[in-house]
Structures are given as C-alpha cells and as structure tokens.
Amino acid sequence: MTILVTGARGAVATALIGLLREQGLPVRPASKAPADPSVVRCDLGDPATFAPALEGVTSVFLYAEPSHAQEFASVAATAGVEHIVLLSSAAVLTPDPDGSPLATSHLVPERALAASPVPSTVLRPGTFCGNAMAWSWSIRSGTPISLPYPYAHVDAIHEADVAAVAAAVLADPALGGRAYTLTGPQSLTFTDQIGTLSRVTGRDIAIKPVTRQEWKAEVAQHMDGTFADALLDYWQGCDGRPVELTSVVEELTGTPARTFASWAEENRAAFLG
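Below, the structure is looked at part by part. Computed from a prediction, not measured in an experiment: that's the story for all the values here.

Quick look at the environment of His106
- In this fold, His106 is placed in helix α4 (residues 101–114).
- When the C-alpha atoms of His106 and Gly176 are compared, they prove to be 18 Å apart, with 70 residues separating the residues in sequence.
- Sequence-distant contacts of His106, defined by excluding residues within four places in its chain, comprise Ala64, Leu87, Ser88, Ser89 and Val92.

Below, the structure written as structure tokens:
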C-alpha cells in the first residue's frame, strides 16, 4: 500500500503526510516543484508527470485541479489505483455552482472522478482558518482591514482537521465512496474572527468597510476579476447568515473540530511580526 499525497507543500498535505507516517503507512509526497529528493514530481497541470508519480500507488490524496482532471483519473485507473480522496470545496454546494469559477474549479475534478472506475471520496471543507493569514500584513502594520461584508459568516475549519479526516478515510476504505462536508465547530463572522485575533495578539485591529469595487481594486494585482466576483458573491450570500455546521470531523476522527481561537493561538507570531 503506497499513498500518493499531491500538493505536498500545502498545509493540509503537510499535516496529512505526518499523520500517515505516524500510522506507519507508506507515503509518497508529490509536488509540482519538489525541493527535496524524497518528494516526487507530480504537476497536476502536466499530464506527462502523472504516470511516473502513480507507479505502484494504491491510494491518492488529490488537490482539485480542473485542467487535466480527466487525464489524471484515467492514468490512475491504468496504474491500478484503488482509491482517490479529493480535496474539493463546499463552494460546489452553492445554488448555482456552474455559474461560479470558484465552484467549477472543484466541480470539474469531482465530475471527472465520478465518471472514473476508480472509487473516490470527496472532502468538501468550507473556509480554512488559514485564510485569515490574508490579514496578517494589515495587523502587523496597524493598517485597517478592508472588508466588503464584515458580517459574512464562515465555518473556519482548521487545516489539521481536514488532514485528520483524509487520514481516516485513507486508512479505512469502508469510510470512502461518498462526499463529506467539513466545517469547523462555529459559524463566525469576519468581525468575530478579527475580534479573536485582537484578543490573541493584544492589538486593536481596525476594520474598514469598503464597497465591492473598492475591494476588487485592492486585490486586483493578485486576484483575477472573475474569481474576485465569485468570492464576493459567496460572501454576500453568507452576509448575516450563519453557516450550517456538520459534525463530520468528530464522527470520523473521534476528536472535536478545533476552534478558530486555537488556530489563532498557534499562529499568533504571524500576526505580530
């Protein structure tokens, strides 16, 4: 049994690799640009890298990459892979996922795996706790955080909990073959999260309400406009509306989901600088 873990440098994959090794399971970390000889090259945007990475692999933890999802599923089937666990997103559960580039980037891989003969499991986390790192520069510099929807709710799931669920499913095939929606233990507004970061860092953190267009202008250098619109639409749909929570993390791991406050404590230094 060999488990290929793609996106090895990502927060979820890094935690997952550690958990699988603790269980004594053989792991093959994979990355688009390996910086370590123990990591194989598997660029999900380059089908030529699929077959070498999948040789002798029985299970895969797969990051969602729509460009060559069908090719990956096909090569995995040829290689004899028995189970693929896909890291998707709860964005696919929105009312019109096909109309959102945010959701379709996850829908395409989901559909490719659904059409494949290889059994698959889909993990659909909501908002990662780590997304709050986007505020770290503002907090360190004392600059107000620009928010178009300060009271939009998120379910703030710790990346380590996503990894723990993935590890449970990879270790026990009986848990596979279905889609799981993963959330943190609380529905929090952005304002709630910033309040938590303020308490953890001991700093007053100002919020600057902005319009959609103002926010898009601020992020234009590092975010495509259509993606920014999709994200804004998602936040608007959650504005003042608590997120429906699930107990999947505890059910599959036996441990309650970690809180955003615990994540903030763990990452306090990143906001102090």
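Some remarks on the layout of surface pockets
- Put simply, the largest pocket is a space of about 1100 Å³.
- Along the walls of the largest pocket sit 37 residues, with Asn131, Ala134, Met223, Leu231 and Trp235 positioned nearest its centre.
- Of all elements in the fold, only α4, α5 (136–141), β7 (145–147), α7 (190–201), α8 (212–219) and α9 (225–237) reach the threshold of two or more residues within the lining of the largest pocket.
- The dominant element in the lining of the largest pocket, judged by the number of residues it contributes, is α9, at four residues.
- Considering only residue class, the lining of the largest pocket consists of 25 nonpolar, eleven polar and one charged.
- A volume near 560 Å³ is recorded for the second largest pocket.
- Taken together, 24 residues form the lining of the second largest pocket, with Ala91, Leu93, Thr94, Pro95 and Tyr234 sitting closest to its centre.
- Those elements that provide at least two residues to the lining of the second largest pocket are α4 and α9.
- When residues of the lining of the second largest pocket are assigned to their parent elements, the largest contribution, five residues, is made by α9.

Re the pairing of strand β5 (residues 83–87)
- Most of β5 sits inside the fold, with five of its five residues counted as buried.
- With burial as the criterion, each face of β5 is covered, one bearing His83, Val85 and Leu87 and the other bearing Ile84 and Leu86.
- Taken together, strand β4 (residues 59–63), helix α3 (residues 69–79) and β5 constitute a β-α-β crossover, and its handedness is right-handed.
- For β5 and strand β6 (residues 120–125), the ladder comprises four bridges, and the chain directions are parallel. Bridge pairing in β6 links Leu87 to Leu123.
- This β-α-β element, β5 to α4 to β6, shows right-handed connectivity.

Basis of the calculations
- Each chain has its residues counted from 1, running along the sequence as written.
- Whole-chain, interface and lining totals are the exception, using all residues; otherwise, since this is a predicted model, local features are given only for residues with pLDDT of at least 70 and side-chain atom pairs are given and counted only at 80 or more.
- Calculated side-chain values reflect all of the structure's heavy atoms, with hydrogen atoms and water omitted.
- The helix count covers DSSP runs of H or I at least four residues long, the strand count covers runs of E at least two residues long, and both are numbered beginning at the N terminus.
- Contacts are assigned to residue pairs with any non-hydrogen atoms lying within 4.5 Å of each other.
- Think of a 1 Å grid over the protein atoms and nothing else: a 1.4 Å probe that fits but is trapped marks a cavity, an open set flanked by protein within 12 Å on at least five of seven lines marks a pocket, and residues with an atom within 4 Å of a point count as lining.
- Grid points are joined across faces, edges and corners, and a volume is the space filled by probe spheres set on the points.
- When residue character is reported, Ala, Val, Leu, Ile, Met, Phe, Trp, Tyr, Cys and Pro are called nonpolar, Asp, Glu, Lys and Arg charged, and the others, Gly included, polar.
- Remark: exposure states derive from per-residue accessible area (1.4 Å probe, protein chains only) relative to the maximum for the residue type, with buried under 20%, exposed over 50%, and partly exposed in between.
- Handedness of a crossover is defined as follows: orient the strands so they point away from the viewer, and if the path from the first strand over the helix to the second runs clockwise, the crossover is right-handed.
- Here, a strand pair is defined by DSSP locating no fewer than two bridges between the strands.

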